Amino acid sequence: MTLYYRDGTVQVTSERIQVDGHSIDLSDVSYVWHAQGRAGLAERSRLLGRGVLVLLLSLPPLVALVCLISLGYAAQDRGEWRTVLVIVAVCAIGALALAPFLEVPLGWLDRSYDRGSRVHELWVRHHGRETMLLRSSDGLRFGQIYRAVQRAVEQRAED
């Protein structure tokens, strides 16, 4: 028996597919495909949260840019370039000092893309019936499971 994939809820072997305690023999599977399902509340809220996070990460640099441009115009009118240069230097040093703290929100943003905003469904045809085996918004995990099922079914067909 060959193990193609295994995690806490899914196991794909050369003999069967098990998802959440439901087991299907590979000898009964005639066709495997995937489809995109309807997004639920979790996926929509993840997409909204991602938008809010991008907005919050984008606003401070934009506000700083507007402030620097207005400082430049004010300095041009008054001729006080030394004050502007000191303010710009202090802001640049402050931005460099705060840059490592961006790791946390950027990590959240990265994980939100890993979790995905689409719902993927894994379907099989066995005993003449179409059955959805798995529904997940985790694109990476779904891809691994789908490929494992495909390999298992292809390997079974070759034998």
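Computed from a predicted model, the values in this text were never measured in an experiment. Numbering of residues starts from 1 in every chain and runs along the sequence as written. Residue-level local features of this predicted model are given only where pLDDT is at least 70; pairs of side-chain atoms are given and counted only at 80 or more, and the full residue set underlies all totals for whole chains, interfaces and linings. Note that the side-chain values use all heavy atoms of the structure and ignore hydrogens as well as water.

Colleague: Lay out the sheet that holds strand β7 (residues 129-136) with the relevant residues and their values.
Modeller: Pairing within the open sheet is antiparallel, and its three strands lie in the order β5-β6-β7. Looking at the sheet topology across the chains shown, the edges are occupied by β5 (29-37) and β7. Put simply, the sheet's adjacent strands are angled 25° from each other on average, direction ignored. Here, strands pair whenever DSSP counts at least two bridges between them. Runs of E in the DSSP output that reach at least two residues are strands. Runs of H or I that reach at least four are helices, and both are numbered from the N terminus. The pairing of β5 with strand β6 (residues 119-126) spans eight bridges and is antiparallel. Within β6, the residue paired with Ala35 across the bridge is Glu121. To get an axis, a line is fitted to the C-alpha atoms, and for a helix only the part in contact is used. The angle between two axes follows their N-to-C directions and goes from 0 to 180 degrees.

Colleague: Would you mind going over unusual backbone geometry in detail, with residue names and values included?
Modeller: Glycine aside, residues mostly have negative phi, and peptide bonds are mostly found in the trans state. One non-glycine residue, Asp20, lies in positive phi territory at about 50°. Summarising the element assignment, Asp20 is placed in the loop between β3 (16-19) and β4 (22-25). Each residue's exposure class comes from its accessible area (1.4 Å probe, protein chains only) as a fraction of the maximum for that residue type: buried when under 20%, exposed when over 50%, partly exposed otherwise. Classification of Asp20 as exposed rests on a relative accessible area of 60%.

Colleague: I'd like a description of helix α4 (residues 139-158), backed by residues and values.
Modeller: In an α-helix there are 3.6 residues to a turn, and that puts residues three or four apart on one side. Over its 20 residues, α4 runs 28 Å from end to end, which matches the ideal 28 Å to within 8%, given 1.5 Å per residue. Buried residues of α4: Arg141, Phe142, Ile145, Tyr146, Ala148, Val149, Ala152 and Val153, and no others. All buried residues of α4 project into a common sector of 160° when viewed along the axis, lining one side. Seen from the buried face of α4, the exposed residues on the opposite side, beyond 90 degrees, are Leu140 and Glu158. When checking whether two residues touch, look at their non-hydrogen atoms; a contact exists if any pair is within 4.5 Å. Looking at the buried residues of α4, the elements they touch are β1 (3-6), β2 (10-13), β3, β5, β6 and β7. Nitrogen and oxygen atoms within 3.5 Å of one another constitute a polar contact, given that in protein one can donate a hydrogen and the other can accept it, and given that sequence-neighbouring residues count only through two side-chain atoms. Put simply, Asp138 is the residue that caps the front of α4, since its side-chain oxygen is 3.4 Å from the backbone nitrogen of Leu140. Here the expected length of a helix is defined as 1.5 Å per residue gap, with one fewer gap than residues. Working definition: the arc comes from the directions between the helix axis and the C-beta atoms, pointing outward to the latter.

Colleague: A description of the packing of aromatic side chains should follow, citing residues and the corresponding values.
Modeller: Centres within 6.5 Å make a pair out of two Phe, Tyr or Trp rings, where for Trp the six-membered ring is used; the pair is then stacked when the planes are under 30 degrees apart, edge-to-face when over 60, and tilted otherwise. Applying the stated rule across the entire model yields three aromatic pairs. Considering the side-chain rings of Trp33 and Trp123, the 6.1 Å spacing of their centres and the 10° angle between planes classify their relative orientation as stacked. Taken together, the residues span a long stretch of sequence, with Trp33 in strand β5 and Trp123 in strand β6 at a distance of 90 residues. Judged by its relative accessible area of 23%, Trp123 is partly exposed. Taken together through their ring pairs, the aromatic side chains of Tyr31, Trp33 and Trp123 make up a single cluster.

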